[in-house]
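Structural description and commentary
Chain by chain, the residues run as shown.
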Amino acid sequence: MEVEAAVRLRGAAQGAIDARIFNLSAGGCGLFLKSGMFNTGDLVTIKIKGVENWPGTVKWCVGQEAGIAFDRPFYPAVFDAIVAIHKDHGPDAAQ
C-alpha cells in the first residue's frame, strides 16, 4: 500500500538513520534512506508512529532505497491503524 511516512531506522552498525516509507504492507516496507547505507541481511528496527520499535531484516538495497521484511507481520487491526494515522496526518506524522 502506498503510505508515505517519516520513520527512524536503526541498525547495529549504522545507528539511527532517518528514512521515509514509500510502500508499506503488514509484512514489510520500502524505504528511501536520507543518509547512511544498509546491506542485505542487516538486522534493523524501525520506529513508525503508533507502533513500538518493530524488528526486521534488510532484504534488498539499491542506491538510497531499501526493502525491509518484518520479523513478524503487523496484525490487521494494527496495520489499519498505522495507515489511518498516516493518511490523516500526512507524511510527517511519524516524527
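From a predicted model like this one, the values you see are computed outputs, not experimental measurements.

Description of the nonpolar core
In this structure, Ile21, Leu24, Cys29, Leu31, Ile46, Phe70 and Phe74 are the most contacted members of the largest nonpolar core, which totals 24 residues. For this core, the secondary-structure elements that each account for two or more residues are strand 1 (5-11), strand 2 (15-25), strand 3 (28-33), strand 4 (43-47), strand 5 (54-62), strand 6 (65-70) and helix 1 (76-89). Of all the elements, strand 2 adds the most residues to this core, at four residues. When near neighbours in sequence (up to four residues on either side) are disregarded, Phe74 contacts Leu24, Ser25, Ala26, Ile48, Val51, Trp54, Phe79 and Ile82.

A word on the sheet that holds strand 2
Reading around the barrel, the six strands line up as 1-2-3-6-5-4 and close back on themselves, with antiparallel pairing between neighbours. Across the sheet, the mean angle separating the axes of adjacent strands is 45° when strand polarity is ignored.

Overview of the pattern of salt bridges
Under the criterion given, the structure shown has three salt bridges. Glu4 is the salt-bridge partner of Arg20, the closest N and O atoms lying 3.9 Å from each other. Taken together, the positions of Arg20 in strand 2 and Glu4 in the segment before strand 1 put the pair 16 residues apart, joining distant regions of the chain. Overall, the relative accessible area of 16% leaves Arg20 in the buried class. A salt bridge links Arg8 to Asp18, with the shortest nitrogen-to-oxygen separation between them at 2.6 Å. Residue Arg8 is found in strand 1, and its partner Asp18 is found in strand 2; the two are separated by 10 residues along the sequence. Looking at Arg8, the relative accessible area reads 40%, which means it is partly exposed.

Details of the packing of aromatic side chains
Per the counting criterion, the structure on display carries three aromatic pairs. With centroids separated by 4.5 Å and ring planes inclined at 40°, the aromatic side chains of Phe22 and Phe32 adopt a geometry described as tilted. With Phe22 in strand 2 and Phe32 in strand 3, this residue pair connects regions lying 10 residues apart in the sequence. Owing to a relative accessible area of 39%, Phe32 belongs among the partly exposed residues under this scheme. Stacked on the ring of Trp54, the Lys or Arg Arg72 has its end atom at 3.9 Å from the ring centre.

Definitions and cut-offs
- Residue numbers run consecutively from 1 along every chain, following the written order of its sequence.
- Local features in this predicted model are restricted to residues of pLDDT 70 or higher, and side-chain atom pairs are both shown and tallied only at a pLDDT of 80 or more, whereas totals for entire chains, interfaces and linings draw on every residue.
- Each side-chain value is worked out from all heavy atoms of the structure, with water and hydrogens disregarded.
- We define the nonpolar core as a collection of buried residues of types Ala, Val, Leu, Ile, Met, Phe, Trp, Tyr and Cys that are connected through side-chain atoms lying within 4.5 Å of one another.
- Classification of residues uses two cut-offs on accessible area relative to the type maximum, computed with a 1.4 Å probe and protein chains only: under 20% is buried, over 50% is exposed, and between them is partly exposed.
- Starting at the N terminus, helices and strands are each numbered in turn, a helix being any DSSP run of H or I of at least four residues and a strand any DSSP run of E of at least two.
- When checking whether two residues touch, look at their non-hydrogen atoms; a contact exists if any pair is within 4.5 Å.
- In this scheme, strands are said to pair when DSSP sees at least two bridges between them.
- Note on definitions: angles span 0 to 180 degrees between N-to-C directions of axes, and those axes are lines fitted to C-alpha atoms, for helices only across the stretch in contact.
- We define a salt bridge as a side-chain nitrogen of Lys or Arg found within 4 Å of a carboxyl oxygen belonging to Asp or Glu.
- Between the rings of Phe, Tyr and Trp (Trp by its six-membered ring), a pair exists once the centres lie within 6.5 Å; its type follows the angle of the planes, with under 30 degrees stacked, over 60 edge-to-face, and the other angles tilted.
- The criterion is that NZ of a Lys, or CZ of an Arg, lies within 6 Å of the ring centre and within 35 degrees of the ring normal, and then a charge sits over that ring.

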